[in-house]
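Overview (structure and organization)
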Amino acid sequence: EPSKLFATELPDLHVTCTDVASDMVEAARRRTAGLPHVTCEVVDMEDMSQFASSTFDLVTCSYGYMFVDLDKALAETRRVLRPGGSLLSTY
């Protein structure tokens with residue numbers, strides 16, 4: 001999982017793990033337990049209104065875009081990325 005890897009290798013970062021499924025968020029919480037700079041939240045990638053615009057330097061997505069309205073999800077991804085931010089994704 002990219003979030004745990006980034007959190008472990010780059011401890012100065014704050015990492016936010018998200019998934020639309022609460023059981024997946026709970027699994028992420030268990031995997032990242034003990035990493036104080038990680039938060040895990042239930043989030044719908046088509047509506048990330050709980051995050052302000054330009055919040056993240058990097059967004060990663062593992063196989064999430066294939067399950068959603070791609071235009072909506074990518075629009076939200078662009079919105080929450082800071083100018084010059086990056087998206088690292090599998091479809």
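This text goes with the structure placed above it.
1. As for the layout of surface pockets
In this structure, the largest pocket spans a volume of roughly 1100 Å³. Along the walls of the largest pocket sit 36 residues, with Ser3, Thr16, Cys17, Thr18 and Thr60 positioned nearest its centre. Within the residue set of the lining of the largest pocket, elements represented by two or more residues are helix H1 (2–9), strand S1 (15–19), helix H2 (22–31), strand S3 (56–61) and helix H3 (70–80). Considered class by class, the residues forming the lining of the largest pocket number 21 nonpolar, 9 polar and 6 charged.

2. Quick notes on H3
Residue pairs three or four apart in sequence face the same way in an α-helix, which turns once every 3.6 residues. All of the buried residues in H3 are Ala73, Glu76, Thr77 and Val80. Projected onto a plane normal to the axis of H3, the buried residues spread over an arc of 105 degrees and lie on a single side. Projecting away from the buried face of H3 at angles above 90 degrees are the exposed residues Asp71 and Arg78. Close packing links the buried residues of H3 with S3 and strand S4 (81–89). Residue Asp69 occupies the N-cap position of H3, its side-chain oxygen lying 3.1 Å from the main-chain nitrogen of Asp71.

3. Things to note about the environment of Asp19
If you trace the backbone, Asp19 turns up in strand S1. Exposure remark for Asp19: the relative accessible area of 27% places this residue in the partly exposed category. Taking C-alpha positions, Asp19 is 6.9 Å from Asp44, a pair spaced 25 residues apart along the chain. Once residues within four sequence positions are removed from consideration, Asp19 is found in contact with Met24, Val25, Glu41, Val42 and Val43.

What counts and what doesn't
- Residues numbered from 1 in each chain as written.
- Predicted model: local features only at pLDDT ≥ 70, side-chain atom pairs only at ≥ 80, totals over all residues.
- Heavy atoms only, no water.
- 1 Å grid on protein atoms, 1.4 Å probe; cavity = no way out; pocket = protein on both sides within 12 Å on 5 of 7 lines; lining within 4 Å.
- Points joined across faces, edges and corners; volume = space filled by probe spheres on them.
- Helix = DSSP H or I, 4+ residues; strand = E, 2+ residues; numbered from the N terminus.
- Nonpolar A, V, L, I, M, F, W, Y, C, P; charged D, E, K, R; others polar.
- Buried < 20%, exposed > 50% of the residue type's maximum accessible area, 1.4 Å probe, protein only.
- Arc of directions from axis to C-beta.
- Contact = heavy atoms within 4.5 Å.
- Polar contact = N/O pair within 3.5 Å; in protein donor to acceptor, adjacent residues only side chain to side chain.

By themselves, these are just geometric observations and shouldn't be taken as functional.
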